[in-house]
Amino acid sequence: MNTSIKSALCVLAICLLFSCTDESKKNVALQPLIPQPDNVTLDSGSFILKSGSKIYFDGNQEIKGSADYLSNLLNPATDFDFEVIQSGSIKNKHFNLRLSPDKSDLGDEGYELEITRKRVVLTAYRSAGIFRGIQTIRQLLPPSIEQQGQYNEGLALPVIAIQDTPKYSYRGAMLDVSRHFFDVDEVKRYIDFLTLYKMNRLHLHLADDQGWRIEIKSWPNLTAHGGSTEVGGGTGGFYTQEQYKEIVQYASDRYITIIPEIDMPGHTNAALASYPELNCDGKAPELYTGTRVGFSSLCVDKELTYEFIDDVIREVAALTPGPYIHIGGDESHATEKADYLKFVNRVQGIVRSHGKEMIGWDETAQANLTSTSVTQLWANKEFALQAISKGAKLIMSPASRTYMDLKYDSTTVLGLTWAGYIEVDHGYSWDPAQYMEGVNEDNILGIEAPLWSETVTNMDEIEYMVFPRMPGYAELGWSGSGEWEAYRKRLPGHGVRWEVMDIDFYRSPKVDW
Ligand code: ACM
């Protein structure tokens, strides 16, 4: 716990002991917020959470889930029972969650939070805004809120008014579950990290040379054989369709959309090893557990290839409520360029025929993109320009800034170096809308930070590579850009929270933890 919070709580405790007249006159130190909200007005005094405080939500059932979420967050940490109750009117002494049809300027995810000595009122235009605002309430409470049974009395929120809307609608992270497999609980924990920082997209890299990780009922050997190993020769794994649905639901409960990626026509050795008929020569290669890229390709001249893709996209689309299917398309060095272009054009049509839009890595921008397709910039600025000339929007994931699998510096044991090192300040100190000539805010859907898993094998290692970088990407997505010096001062408070949450983070020397 940071010392200012400790002393604020001591004052509060003494106050309670000697029956001060009005404990809500006491100030509490402001916890650092990430992402930094647009408008914050701090005043003196506090709202004290008490046994008997309730969470009122207006008649809208959509936000009952968020009211329950807040109750489930506060109950274990306080030992109180924050009852969730429907009410048409705002109640003093309690939390009030409300949707307002007049607040369309808050958009889908914006919110207004007004905390006075008497009450908390969280207002949004849409239910996602209520959920994002709850994360602000969470961050305004001390880190000990993340742990069971820490404070039974005296938890306090500062008197504050916040109005806050995100700049970009796509604020995501990627997890590569192909190179090393991560199970449902691990993915849920990753989703918890995104949740705390108001991110709203989780891109799952579900198929690559080293493993096929999603059950496809019409092609069962993809997982039976293609999912049976991983980098280094471990046992791999895969999600059944039921498990994948469980992940989608867990994410959706937190207003996070899953973006499933089936990489093709390259990065397909696991599929080719599972079905000999997908290979041009009809022979299945061995499973692959190394880390080379660019050696595999689906057989682009075979009709069966497109029947296969149609089956896969149909099944994945049916399991995925979000609007996008990611088809990879990167590093297809084993596919002739003309074949590659024909392939991407055709697959774009397949994706659209199943009611989804296509996302592809930047190489796919060379094909005949529709303006509703999306290009994920990772390496090639020329391709990004081609995408926007076709009216497609960009997801900004330049490897040298956003790849969370790159080492922090030369001493980092895990990770890769091919696009340089990414210390926490380097990852944070850029503006997606200023990143390259010819691309401005209007061309950008948002930002995504990928975590590739060639070197990352378990949850502790995920945490070490993701923290402290990921909150910075969340802030860039929410605010557009930020001041490093101000941001670095907000990180230590989050470090305390990560300790409480048992997150094994990198203590960058750039930050005074
Ligand atoms: C990539 O890093 N190959 C998209």
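Residues numbered from 1 in each chain as written. Predicted model: local features only at pLDDT ≥ 70, side-chain atom pairs only at ≥ 80, totals over all residues. Heavy atoms only, no water.

A.B. asks: How would you explain the overall build of the protein chain if you had to name every residue and give the values?
C.D. replies: Scanning the protein chain for helices and strands turns up 15 helices and 16 strands. In terms of overall dimensions, the protein chain is globule-like: its C-alpha atoms have a radius of gyration of 24 Å, near the 24 Å expected for 513 residues. If you line up the protein chain on its principal axes, its C-alpha atoms span 85 × 50 × 45 Å. Looking at the protein chain as a whole, 61% of its 513 residues qualify as buried. A separation of at least 24 residues holds for 72% of the contacts in the protein chain among residues at least 6 apart in sequence. Total accessible area computed for the protein chain in this model is approximately 19100 Å², and 47% of it derives from carbon and sulfur atoms. The protein chain carries 48 positive and 70 negative side-chain charges, and their two centres are separated by 6 Å. (Helix = DSSP H or I, 4+ residues; strand = E, 2+ residues; numbered from the N terminus. Rg over C-alpha atoms; globule rule 2.2 N^0.38 Å. Buried < 20%, exposed > 50% of the residue type's maximum accessible area, 1.4 Å probe, protein only. Contact = heavy atoms within 4.5 Å. Areas by Shrake-Rupley, 256 points an atom, 1.4 Å probe, with all protein chains shown as cover. Lys, Arg positive; Asp, Glu negative; His and termini not counted. Charge placed at Lys NZ, Arg CZ, Asp CG, Glu CD.)

A.B. asks: Describe the packing of aromatic side chains, listing the residues and the values that go with them.
C.D. replies: Under the criterion given, the structure shown has 27 aromatic pairs. Pairing Trp 219 with Tyr 275 gives two aromatic rings, centres 4.9 Å apart and planes at 80 degrees, and the pair type is edge-to-face. Taken together, the positions of Trp 219 in the loop between strand E10 (211–212) and helix H5 (221–224) and Tyr 275 in the loop between helix H7 (269–274) and helix H8 (303–319) put the pair 56 residues apart, joining distant regions of the chain. Judged by its relative accessible area of 11%, Tyr 275 falls in the buried class. Residues Trp 498 and Trp 513 carry aromatic rings whose centres are separated by 6.0 Å and whose planes lie at 55 degrees to one another, so their mutual orientation is tilted. Here Trp 498 is found in helix H15 (residues 484–500), whereas its partner Trp 513 is found in the segment after H15, with 15 residues between them in sequence. Its relative accessible area of 0% is what places Trp 498 among the buried residues. Among the residues examined, Trp 513 registers a relative accessible area of 30% and is labelled partly exposed. The ring of Tyr 56 carries the charged tip of Lys 91 above its face, separated from the ring centre by 5.7 Å. (Phe/Tyr/Trp six-rings, centres within 6.5 Å; stacked < 30°, edge-to-face > 60°. Lys NZ or Arg CZ within 6 Å of the ring centre and 35° of its normal.)

A.B. asks: Quick one: what's the story with helix H6 (residues 241–253), residue by residue and with numbers?
C.D. replies: Between its first and last C-alpha atoms H6 spans 18 Å; for 13 residues at 1.5 Å apiece the expected length is 18 Å, and the two agree. For H6, the full list of buried residues reads Gln 241, Tyr 244, Ile 247, Val 248, Tyr 250 and Ala 251. Buried residues belonging to H6 abut helix H4 (184–196), strand E9 (201–208), strand E11 (257–264) and H8. One or two residues past the end of H6 sits Tyr 255, with phi positive at roughly 60 degrees. (Expected span 1.5 Å × (residues − 1).)

A.B. asks: Before we move on, can you summarise the sheet that holds strand E4 (residues 95–99) with the specific residues and values?
C.D. replies: Taking strand neighbours across the sheet as the criterion, the seven strands line up as E1-E7-E5-E6-E4-E2-E3 in an open arrangement whose pairing is mixed. In this open sheet, the two edge strands, each paired with only one partner strand, are strand E1 (39–48) and strand E3 (83–86). With direction set aside, neighbouring strand axes in the sheet form an average angle of 20 degrees. Both E4 and strand E6 (residues 120–124) contribute to a ladder of five bridges, which runs parallel. Bridging from a neighbouring strand, Leu 99 pairs with Ala 124 of E6. (Pairing = 2+ DSSP bridges. Axes fitted to C-alpha atoms, helices over the stretch in contact; angles between N-to-C directions.)

A.B. asks: Could you give me a rundown of the pattern of salt bridges, with the residues and numbers involved?
C.D. replies: Here the structure, examined in full by the defined rule, presents 27 salt bridges. Between Glu 109 and Arg 132 there is a salt bridge, and its shortest N-O distance comes to 2.8 Å. In this pair, Glu 109 is assigned in the loop between E4 and strand E5 (111–115) and Arg 132 in helix H3 (residues 127–140), connecting sequence segments 23 residues apart. With respect to burial, Glu 109 and Arg 132 carry one shared label: buried. When the shortest N-O distance is used, the salt bridge between Lys 489 and Glu 485 registers 4.0 Å. One end of the pair is Lys 489 and the other is Glu 485, both in helix H15 and four residues apart, which spans about a single turn. Put simply, Asp 176, Arg 179, Asp 208 and Glu 454 are held in one network by salt bridges that share partners. (Salt bridge = Lys/Arg side-chain N within 4 Å of Asp/Glu carboxyl O.)

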